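# Structure at a glance
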Amino acid sequence: MSLLETFKQLHQDMPEKYKTLSREEMEHRVREIKEKFGRKLFIPGHHYQKDEVIQFADAAGDSLQLAQISAQNKDAEYIVFCGVHFMAETADILTDDHQKVILPDMRAGCSMADMADIDQTERSWKILQDTFGDTVLPLTYVNSTAAIKAFVGKNGGATVTSSNAKQMVKWAFAQKQRILFLPDQHLGRNTAYDLGVPLDEMAVWNPRTDSFEYEGDLEKVKVILWKGHCSVHENFTVNNVENVRKQYPDMNILVHPECSREVVGLSDYAGSTKYIIDMINEAPAGSKWAIGTEMNLVNRIIANHPDKEIISLNPYMCPCLTMNRIDLPHLLWALEELEQGNIINQIIVDETTSQQSTAALARMLQTV
Ligand code: 13P
Ligand code: SF4
C-alpha cells in the first residue's frame, strides 16, 4: 500500500450523512451498538468531553485515571477513546496487542503536546547534557506525544500527570540533581514551587531558539522548564482573578495547575481535574466558587451542583477546541464502522516507541 493510501485509510473524513441525523437517532444507534458489542467494546472519556459524548463513556476520568484504566482493561477488543490523541496513544501503549484503540476524530490533537517535537527535544537534550553533564532527569507531562514519552523512558525518566506531579518531581529529585520538565512550563513551575524550589532556581528553556530565558547563574538551576503551555488554561488571567475578587469577595477561586504561576498564586486552591471535581463534590451547600478550567467540565459541574454558586473564572469561558472535535456524529461513525467490521482512525504506536514509553509510564504507575 502506498504512503498516500495508508494516510487516507488512517485519516478518513466522516461521511456527510452523520451531519444530518437527529440527536435522538444518533443516541439510539450508539446505545444499540454498545449493547451489541457488550464487554468487547470499551469507551473511556476524559472529563473535558462534551455531554453528548461523555454520557456514553464506560469510564470517565482525568488523564491519570484514564491511563490506569487502560492499563487494567484486558477484556475489551475495541477501545473507542473519547479524549485527545496523546491519551489514545497512551491507551494503545498500555493495552495488549490484540486490543485496538480508535480515536473517533483524528483531528483531536493537543496544542500543548505539539509544543514539544522529538527532533527539538533530542537537540535540546544534547545542549543540556553539554551544559549540565549527567545531572538532569527528564520528566514529561502525559500531555505529550508517544515519541516524547519514549525519549523520557530511554533516558531514565518518567511521565507525570497533574494528579501526581508532586510525587513524581520528588521521585525525580531522588535520582538526579536537576529535572527537565516538558512540555508544560506552568505545571512544572507550580509543582516545583509547591515543593519549595525557589523561582530563581527554575530556568525556562526555549526550544525554538535553543536557549535559556534566564538571567541568573545556570549552576543554581534545579528545574529546566520547557517553554510550552496549554492554550485553554493560559486564558485564565490575573485580571480575571482580580475581577472575581472585586465582584464576589466571598467566592473561592479554584484553578488547574496548567494556569500560570501568577494565577495559581492568587487563587485559593489549585489542583488537577480530579482535585477540582472532588473539591466541589465535598463543598458545603451555599458555598461559592469560580473555577479556572475547561468549559465543558465547568458547565457540567455547574449543572451537577445547583445548591452551590459556581461560575467560570473567565466569563468568556475556555473550551478545548481539540477535545471538542469528538462529538456524537464522530462517535457514532466510529461505532457503525466497527459494527460493519471496519476499524477507522486506529491509533498505533510502533513497537520500539511503545516499549520505551512503557518504561516512562510504568515508573509513574508504580510510584503513584
Ligand atoms: P488532567 O486530566 O491531568 O487534569 O489534565 C488536564 C488536561 O489538560 C487534559 O488534557
Ligand atoms: Fe491539550 Fe490543554 Fe486541551 Fe488538555 S486542555 S488537551 S492540555 S490543549
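This text follows the structure it describes.
For clarity, every value in this text was computed on a predicted model and none was experimentally measured.

Attention now goes to the sheet that holds strand β7 (residues 158–160). An order of β7-β6-β8-β11-β9-β10 is seen for the six strands of this open sheet, with the pairing classed as mixed. Of all the strands in the sheet, just β7 and β10 (211–213) have a single pairing partner and so form its edges. Geometrically, the sheet is characterised by an average inter-axis angle of 30° between neighbouring strands, direction not taken into account. The pairing of strand β9 (residues 202–206) with β10 spans three bridges and is antiparallel. Bridge assignment links N206 to a residue of β10, and that residue is S211. Across the face of the sheet, helix α6 (residues 118–132) comes into contact with β6 (136–141), β8 (178–182), β9, β10 and β11 (223–226) while running at roughly 160° to β11.

With respect to the secondary-structure elements, L139 resides in strand β6. A relative accessible area of 0% means that L139 is categorised as buried. As a C-alpha pair, L139 and G156 span 17 residues in sequence and 9.1 Å in three-dimensional space. Once you skip the residues sitting within four places of it in the chain, L139 turns out to touch V152, A158, V160, M168, V169, W171, A172, I179, L180, F181 and L182.

Reading the values: the criteria
- Residues numbered from 1 in each chain as written.
- Chains lettered and ligands numbered in written order.
- Predicted model: local features only at pLDDT ≥ 70, side-chain atom pairs only at ≥ 80, totals over all residues.
- Heavy atoms only, no water.
- Pairing = 2+ DSSP bridges.
- Helix = DSSP H or I, 4+ residues; strand = E, 2+ residues; numbered from the N terminus.
- Axes fitted to C-alpha atoms, helices over the stretch in contact; angles between N-to-C directions.
- Contact = heavy atoms within 4.5 Å.
- Buried < 20%, exposed > 50% of the residue type's maximum accessible area, 1.4 Å probe, protein only.

Geometry only, nothing functional implied.
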